[in-house]
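# Commentary on secondary and tertiary structure
Spelled out from the first residue to the last, the chains are:
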Amino acid sequence: MPDNRDDGQRTRVFTRRAFIKGAGAAAAITSFIGGPTPPSAGVTRAQSSPTPASGAAERLGPDAATIVLTVNGKSRKIAVEPRVTLAEALRDHLGLHGTKLVCDRGACGACTVHLDGNPVVACMMLAADARGHEIVTIEGLGAPDRMHPVQSAFVEADALQCGFCTPGMVMSVAALLSRNPAPDMGEVKRAVAGNICRCGTYPHVFKAALAAAAKMRGVKPPGERA
Amino acid sequence: MARNVTVRLGFEGNISDVRLVIPDDEPTPWQWGEPLAVVGREMARVDGALKATGTAPYTYDVELPGMLYGAILRSPYPHARVRSVDLSAARRLRGVRAAIERGEAVVRFAGQEVAAVAAVSPAIANDALALIKVDYEPLPFVIDMEDAQKPSAPRVFAGRANIGAPAVFEAGNVRDGFERAAAIHQAVYTTPVQTHVSLETHGAVARWEGDQLTVWCSTQGIFTVRDDLAVLFNLPPDKVHVITAFLGGGFGSKFGAGPEVVIAAQLARAAGAPVKLMLPRAAEHVATGNRPNSWQQVKLGAGRDGQLVAIELLERGSGGIGGGAGSAGPYRTLYRCANIRTEERDIYTNAGPSSPMRAPGWPQGCFALELAMDELARKLKLDRLELRRRNNANPVRALEFELGAKVFNWHEKSRAPKALGHRRRGIGVAAAAWHGLGSAGPQAQAIAYRDGRVVIQIGTQDIGTGTRSILAMVAAEELGVPLRQVSAEIGDTRYLFSVPSGGSSTAPSNTPAVRQAAAHLKDKLLRIAAPMLGADPASLEARDGTIRVRGQPSRAVSFADVCRSIPADSLCAQGERPPNYAGFRTDQAGCQFAEVEVDVETGAVAVLNVTAVHDAGRIINPLTARSQVNGGVIMGIGFALFEERRLDPISGVMVNPTMDDYKLAGPLDTPEITALFVEVANGVTNTGVLGLGEAVHVATAAAIACAVYDAIGVPVRSLPITPDKVLAAVGKV
């Protein structure tokens, strides 16, 4: 098990700075995804194989180029300009509208998806750099008739108000629980520290995360009413 | 026709019989102790699964065949004459389908709309903006509220003073009051411009089919948007169809058809294709509204016993090129005082226009008044809670103070040591008020189908409070069926009219219309059931999924069986929302307690816990009600500690139009929040529901500021209470 203390929040912070410094250059973004902190498994792969296995340096653009992304277990072929971010590709090219784009600079966590199991903010990654990785979006986690335990815990605890931050919150919590099945309150708060909710839903998010963790471990959720 | 009813109204320890005159076809208002089966229980919101799975369709998610993407070019200057706009190069760019001028001769804030394009992708639309050539003649500008009041200041509007007319309220005579005062406190308090930061930005998707305009819009008022567009495009209202299935926040900033909505429709018409135009984050901060700042000179006078003898407020506030900056509400409401004078003036500056924001004016006024009360209490050597109790104007709040102090442990915490190394603990309390009574206007339709389903349709919208759920719960209650059998359809101007969702009006305006519609539907169902039971319809009741003879539960027929006997496919009834009744009380009291920890080495303030005590009339769903309390408190923490729109004095441009430089309270800033509701059977409507959204936000920043004062012994009279202000207050910088 890799060192997983570094959750999506830290990834976001460093990618955002890279975006400002690197003016959107793909190389800068990928090199910063790991940041100066110990990279987690998915991030390492992102750094070592930013392009397909052809070996030669690859040039994309400026016009749309066809790329293949693995999203929610399926191979999806899309034609995108190299400047298109993963968030834009998911929404505008793949019709996966669950991922929300809110700040477009890695500051709010609304576009959080899983990249090889790790939470990343999809607005800070170019679609082309997501090739070769397993991407899971909120739609891949569950659907209304077969919700992931984190999703049903959000509904039961009313961990959503306007709902716009909810997909990102759910993805952050699901990523936390997949690497730490028994988080304490502090770990829950840190895992969603980069997810901003203007409706102020956080207390119920914390409650939902702890309830989902308990349910997934098969124990009675903390403070559950009779 | 009207009828008289006598109902039990009031709150714990204060119940009385009240006679109300209500319309003939109106169900009797729910009264104190009314036994209800669905209403008042914690229910997961009915559309929660759609939100948790990302399948709830927001305006932002609408995609139509052949849809184009719109983008807006904004003025870089805070004040300029627009000499010419050249769209030709933008129009020639591959993928651009329309380009239009806004047509304003003068722009008055940096970020004002100048031109717009529609293109086949968002990226190309943005590329096209860079090709628009605008010849501006920059004009002198003023962004600082103090500067704007000087005679030499540039005029924001030609031929009009930057200082608006005073709005004065006067009761008694404050001069006499102050002459009799044993203690007087006077100081100036300021609050910053706050922006709404709805996560879903403003915007719309517009589609023309001939002269029929359909607009999916991120709005709190679908009918307002419809009527605005009908006027602007010279169409009868029925030619404009507005849809808001889900709304990603509004907080008061999304009422009418703003420039971006109008531009989307103009571009769609010019391009002959649907256009989606959702604002980028920076534009959302700059151009879609804000809570005006305030400068409040507060003067309070009290007798030796703490009784207030005079309250005086001199207020200035700037909503940029907009108005509505007043903050006097709390001064006139929270405390009993014979002599009150408030004077408010709007100051115009070259900055983005204000719009209503969560209890407009009240958090600002409450902060200044309540911190001033604490400073007065110190002069009087009185406990701050005691000072408030002695002047409290509302019996419900008296109970709330008592309850809150107990749960918060006010008295123990008052005695606890303040200093722990370089950390200082402090507590504060502030009173809140609002008037979430709602209004007449909404009309609802209730439909029963032969398969036993019930559908409620009403043209309201859900800003995130769980509107569908509470409407369905009210209908389920009235019809005596489980919640799962009822669904509520909202967010479409093809349904019957409802009012905009703002000012805590959604629940109190819509639930009575829905209850009346459900009651009328029930009457029709009882008439179908009567022959099945061999009984008179007037002797029947709908309960527990059955229709039965009152007092004889065994003489029953199931609700489903009655529905199966509906002669046509469906049975439909309507209801409307009458004007408010006199009821028990028409005001809405609350109070909040906060505990903070201040690090006097770094100046950082952490809110440790908040106890919020509120009157929401009858709570329909305690679970979603608590969510609203959490939200009001957390937004209040942002206002108290973090949020401030900053404009660059040289360029007049907002320097923090992002979500990292404009800081909102996040998960790590979240305290322990305890929500307590004092149930009040107010009889103002047939449901007695009060809106909660504003009331729960009014007092938070005030309670935090008071707690910081308690912690460090020095008042920080300027929001946000940032580390530099704390360090300055304790003499560290």
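Fair warning: this is a prediction, and the values are worked out from it, not measured in the lab. (Residues numbered from 1 in each chain as written. Chains lettered and ligands numbered in written order. Predicted model: local features only at pLDDT ≥ 70, side-chain atom pairs only at ≥ 80, totals over all residues. Heavy atoms only, no water.)

Glancing now at the confidence of the model for chain A. Fine structural detail should not be taken from predicted coordinates in areas where pLDDT scores are low. When pLDDT is averaged across chain A, the result is 81; 73% of the residues are at 70 or more. Here residues 1–53 of chain A scores under 50 on pLDDT; set against residues more than four positions off or in separate chains, the count is 77 contacts. (pLDDT = per-residue confidence, 0-100. Contact = heavy atoms within 4.5 Å.)

The interface of chain B with chain A comprises 59 residues on the first partner and 52 residues on the second. Taken as a group, B:Tyr60, B:Leu199 and B:Pro667 account for 16% of the area that chain B buries against chain A, more than any other trio of residues on that side. Counting across the interface, chain B meets chain A through seven salt bridges. Across the chain B-chain A interface, the total number found is 24 residue pairs in polar contact (both at pLDDT 80 or more). (Buried area = accessible area lost by both parts, 1.4 Å probe. Salt bridge = Lys/Arg side-chain N within 4 Å of Asp/Glu carboxyl O. Polar contact = N/O pair within 3.5 Å; in protein donor to acceptor, adjacent residues only side chain to side chain.)

Looking now at unusual backbone geometry. Look at the link from A:Gly61 to A:Pro62: it is a cis peptide, with omega at 5°. With respect to the secondary-structure elements, A:Pro62 resides in the loop between α3 (41–48) and β1 (65–71). Omega for the peptide link from B:Leu719 to B:Pro720 comes to -5°, which places this bond in the cis form. Along the polypeptide, B:Pro720 turns up in the loop between α19 (700–712) and α20 (723–729). Of note in this structure, A:Asn72 is not a glycine but carries a positive phi near 50°. Residue placement: A:Asn72 occurs in the loop between β1 and β2 (74–80). Taking the relative accessible area as the measure of exposure, A:Asn72 reaches 26% and is therefore partly exposed. Of note, A:Asp158 is a non-glycine position whose phi angle comes to about 55°, a positive value. (Helix = DSSP H or I, 4+ residues; strand = E, 2+ residues; numbered from the N terminus. Buried < 20%, exposed > 50% of the residue type's maximum accessible area, 1.4 Å probe, protein only.)

Here we come to the packing of aromatic side chains. Tallied over the full model, the rule gives 13 aromatic pairs over all chains. The rings of A:Phe164, B:Tyr58, B:Tyr60 and B:Phe246 are connected pair by pair, giving a single aromatic cluster. Residue placement shows B:Arg378 over the ring face of B:Tyr709; its charged tip is 4.4 Å from the ring centre. (Phe/Tyr/Trp six-rings, centres within 6.5 Å; stacked < 30°, edge-to-face > 60°. Lys NZ or Arg CZ within 6 Å of the ring centre and 35° of its normal.)

To continue, consider the packing of helix α14 (residues 467–479) of chain B against helix α15 (residues 506–533) of chain B. Residue and element names in this part refer to chain B. The contact between α14 and α15 brings their axes to 8 Å, and the two run at 35°. Taken as a pair, α14 and α15 cross one another with a handedness that is right-handed. Counting all contacts with α14, which are made through Thr467, Ile470, Leu471, Val474, Ala475, Glu478 and Leu479, the residues of α15 involved are Thr506, Ala507, Asn510, Thr511, Val514, Arg515, Ala518, Ala519, Leu521, Lys522 and Leu525. The class makeup of the residues in the contact of α14 with α15 is 11 nonpolar, four polar and three charged. (Axes fitted to C-alpha atoms, helices over the stretch in contact; angles between N-to-C directions. Left-handed = near helix turned anticlockwise from the far one by under 90°. Nonpolar A, V, L, I, M, F, W, Y, C, P; charged D, E, K, R; others polar.)

Residues and elements named next belong to chain B. If you trace the seven strands from one edge of the open sheet to the other, you get β5-β7-β3-β14-β11-β12-β13, paired in mixed fashion. The two strands at the open ends of the sheet, each matched to only one other strand, are β5 (96–101) and β13 (240–243). Along the sheet, successive strands turn relative to each other by an average axial angle of 20°, direction set aside. Contacting β3 (68–74), β5 and β7 (113–119), helix α3 (residues 122–131) crosses the sheet at an angle of about 30° to β3. The sheet strands contacting helix α7 (residues 259–271) are β3, β5, β7, β11 (203–209), β12 (212–217) and β14 (275–278), and the helix crosses β11 at an angle near 35°. (Pairing = 2+ DSSP bridges.)

Turning our attention to the domain arrangement of chain A. Residues and elements named next belong to chain A. On domain assignment, one finds that chain A holds domain 1 (8–52 + 63–140) and domain 2 (142–217). Every contact between the two is made by 19 residues of domain 1 and, on the other side, 16 residues of domain 2. Carbon and sulfur atoms supply 57% of the area buried between domain 1 and domain 2, which totals about 1400 Å² over both sides. If you look at where domain 1 meets domain 2, you find zero salt bridges. Seen at the junction of domain 1 and domain 2, the total is four residue pairs in polar contact (both at pLDDT 80 or more). (Domains from an automatic or database assignment.)

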